[in-house]
Structure formats: structure tokens, C-alpha cells
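Here's the letter readout for the chains.
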Amino acid sequence: MKQDQPRPTPRAGIMDIEAYVPGKSTAPAGVTKVHKLSSNENPLGPSPKAIEAAREVAAKLDVYPDGSARRLREAIAEVHGLNPANIICSNGSDEILGLLAQTYLAPGDEAVFTEHAFMVYKIYIQAAGAKPVAVKETDERADIDAILAAVTPATRIVFLANPNNPTGTYVPFQEVRRLHAGLPKNVLLVLDAAYAEYVRRNDYEAGIELAGSSQNVVMTRTFSKLGLGGARIGWMYGPAHIVDAINRVRGPFNVNATAIEAGIAAIRDRAHIERSVEHNAKWLAWLNEELVKLGLRVTPSVGNFVLIHFPDDKKHSAAAADDYLSAQGYILRRVTGYGFPNALRMSVGTEEANRGVIDALKTFLKS
Ligand SMILES: *Cc1c(COP(=O)(O)O)cnc(C)c1O
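Residues numbered from 1 in each chain as written. Predicted model: local features only at pLDDT ≥ 70, side-chain atom pairs only at ≥ 80, totals over all residues. Heavy atoms only, no water.

**Student:** I keep staring at the site of the ligand and nothing clicks. Help me out?
**Tutor:** Taken together, Gly92, Ser93, Asp94, Phe118, Asn165, Asp192, Ala194, Tyr195, Thr222, Ser224, Lys225 and Arg232 make up the full set of residues adjacent to the ligand. In the environment of the ligand, an oxygen atom lies 2.9 Å from a nitrogen or oxygen atom belonging to the backbone of Asp94. The separation between an oxygen atom of the ligand and a polar side-chain atom of Arg232 is 2.6 Å. Considering the ligand on its own, with 390 Å² of exposed area, one finds that the protein chains cover 94% of that surface. By residue number, the principal contributor to the shell around the ligand is helix H3 (residues 92–104), which donates 3 residues. The class makeup of the residues in the shell around the ligand is 3 nonpolar, 5 polar and 4 charged. (Near = heavy atom within 4 Å. Polar contact = N/O pair within 3.5 Å; in protein donor to acceptor, adjacent residues only side chain to side chain. Areas by Shrake-Rupley, 256 points an atom, 1.4 Å probe, with all protein chains shown as cover. Helix = DSSP H or I, 4+ residues; strand = E, 2+ residues; numbered from the N terminus. Nonpolar A, V, L, I, M, F, W, Y, C, P; charged D, E, K, R; others polar.)

So this is what it looks like as C-alpha cells:
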């Protein structure tokens, strides 16, 4: 077809968006055993109860799901001590982040996030036609003063991943409160707490109390990092007026029947969650120690992954390490797009995978 013929064109700005690149899931040909450590999935797998619930619902897939995911909201509310009316469930928390951008941003508006923040914020801000404003971090951690300094009369949303991906660093809750106190009342603060379950720090809070007591704060959560990435279940907790607005914009059946049933079973399986968190705490600490012993710099993480920085020499760069590890079946995450051209993000894996990566890196660094 000739190029000058009229054809549908996306809205201004859409073609400036750089599509999200998910973590790799395949190894080079010939590698038999693959350890996927690129998407922060749960090495313990899904809750057996969630698997069973998904099996049961399979026979009833002709029936539309409950459009408000009421029973899933009630299960979440019960576990976290919340009012189910203030919860919205979504097709992964990515969907809710997109809905927030779509609902609260218009062309000419600005939305703020930090330089190494989770990449979907920028995508959704651009998709809404608004201007993404990335602010500097300090020591690979969100800098509250820098965020506040970036707020202008055009700012409508501040996205804060706490803890952040891919750095794994977090902001103590006193600092989050200071951020909230410094924001104009018409600016929405989105606290993305995707890794909240994994954090073991006394000065950390996911944001339930703040979202429950303010008119301009929401907290988003996900089931993905606890064993249900494939089911796509996220949720948001926030004030009634925001829930009301989002409910007008979202797809009428945005959470599918399998996700609803698997999600209810998973969140009630507290023992599986505890096992997952225990496993993570043990191996996160172990990986940190071993990587430091190898002379590698590791960003201090409270999530279920570590950001590993490689030496400056080309032979031992992140790209070279990625090739070396992939050839042995260890799939880590390149994070060049996140502003870390010489680092790899590694999800905490099974004992076998964790030990395997450290052994492989030992050999790689000596080569
Ligand atoms: C993984 C992740 C999410 C969203 O995951 P979903 O699978 O869409 O629920 C959101 N925020 C951060 C920071 C993440 O790392």
C-alpha cells in the first residue's frame, strides 16, 4: 500500500511510547533446564488451594464472572481488615495503574515518578496524553524532596513504587507521610505496594492507613509476586470517590472467573503466603551475602529480587553475564531500560536456582 494513503492514526503521543518489554522466559536452544528468574514470580509456585479452585471453575467457564468481584473483594477485605466497598479488583495491578492514569490525567497534565521506577507508570501517563516527569533518586532510592520539588500546578498524580522495582529499595513510612503532607490536595498519590508482603522492616507500611484516611491516596497491590502472575489479579484500596470514578471507566468484567476463584483461595491460604515469605527472607539474605563475597555491588533490596551491578570491564559486564547465565539456563532480567545498563535483576529462586547462579557467577568472574 502506498504510504501517502489516508489511514487511521493513533492519538498524538501514542507512537512515542516505548512498549513494555517483559522479562525473558526462554533460554538459548540446547539448554534443557530453565530457571526463570526474570519476572519476580514465586519460586514456591501457586497455592495448591488456588490450583484446585481454578480446576473447579473450569467446568463453569460458560458463565460470566461477577462484574464487581464481590467475593474476592470480601476475602481481601477480611484478610486486611478493610471495607470491601473501598476495594476494586483488576486484571493485574497494571490495569488499575492504567485506569488511574486514564481517569485522572488529560493532555497538558503532568505525572511524577522516580528515575528508576517501575516502567509502566510512564507508559500509562503517555497513553493518557499527559507529560511524564521523572525525578532523580538518591542512592537508588526515591527522594521525597526531589519529588516534592518536581510538583507544579499541572501535576495530577505522583506514582511511588514502595518498594520499587527493579531497585528493591523502599521509603520508610514517615517519609511517605511527609510526601503526602507536602502534596497539594488535588494531587493523587498512588502507593504501588506490589511487594508489600515480602517487606520485613519495622518502618515500612504499605499505605492502608493513609489511603483509608485521605481523599487523595490510593494503595495498589497484586497477587502476581505471591504465585499467581498468570492469573492476573491486582487490587486497589482507596477513598469512595476514587472507587466510584474508576468503576465507571473499567471494563465491566475486568477480573475473569478463574482469577476470582484462584484469588479467593490464595489469599485465604495464609500458610502458603507465610512459607513464601520465609523462603524469600532466607534466600534474599543468602544471595546478598554471596554476591557481595564475589565482589559485586548489590542494591539493598526488601523485595523478592536483587539488583546486581557488574564491573566496568567489558568481559565481565552485565550483558556478558546475561549471555553466560542464559547459556546455563539461568534467565535474569536486563534492566537497561530502567537506567541500569550494567546491572541484572535476579528474582529470588528455588534453592537449586540460587546456588546455581552463584556457582555460575563464580566461574564467570574468574574467566
Ligand atoms: C509486578 C509489579 C506490578 C504489577 O504486577 P501485576 O502483575 O500487573 O499485578 C506493579 N508494580 C510493581 C512495582 C511491580 O513490580
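**Student:** Could you clarify how one ought to interpret the sheet that holds strand S12 (residues 333–335) in this entry?
**Tutor:** Pairing between sheet strands relies on hydrogen bonds along the backbone, with the strands arranged either parallel or antiparallel. Spatial ordering of the open sheet is given by S9-S10-S13-S12, a layout of 4 strands whose pairing is antiparallel. The sheet is open, and its two borders are formed by strand S9 (297–299) and S12, each paired with just one other strand. When the angles between neighbouring strand axes are averaged without regard to direction, this sheet yields 35°. Where S12 and strand S13 (residues 340–347) come together, 3 bridges link them in antiparallel fashion. Within S13, the position partnered with Val335 by the bridge is Phe340. Where helix H11 (residues 318–327) meets the sheet, its contacts fall on S12 and S13, and the angle it forms with S13 comes to roughly 35°. (Pairing = 2+ DSSP bridges. Axes fitted to C-alpha atoms, helices over the stretch in contact; angles between N-to-C directions. Contact = heavy atoms within 4.5 Å.)

**Student:** What should I look at first to understand the domain arrangement of the chain in this one?
**Tutor:** By a widely used convention, the size of an interface equals the accessible area lost when the partners come together. Here the domain parsing of the chain yields domain 1 (14–45 + 271–366) and domain 2 (48–269). Centre-to-centre, using C-alpha coordinates, domain 1 lies 25 Å away from domain 2. Of the roughly 2800 Å² buried between domain 1 and domain 2, counting both surfaces, carbon and sulfur atoms make up 62%. Taken as a group, Ile273, Val302 and Tyr338 account for 26% of the area that domain 1 buries against domain 2, more than any other trio of residues on that side. For the pair domain 1 and domain 2, the number of links is 2 salt bridges. Here Glu278 makes a salt bridge to Arg200, at a shortest N to O gap of 2.7 Å. Where domain 1 meets domain 2, there are 11 residue pairs in polar contact (both at pLDDT 80 or more). When residues in the side of domain 1 that touches domain 2 are grouped by element, the largest group, 8 residues, is from helix H10 (residues 270–293). The class makeup of the residues in the side of domain 1 that touches domain 2 is 15 nonpolar, 14 polar and 5 charged. (Domains from an automatic or database assignment. Buried area = accessible area lost by both parts, 1.4 Å probe. Salt bridge = Lys/Arg side-chain N within 4 Å of Asp/Glu carboxyl O.)

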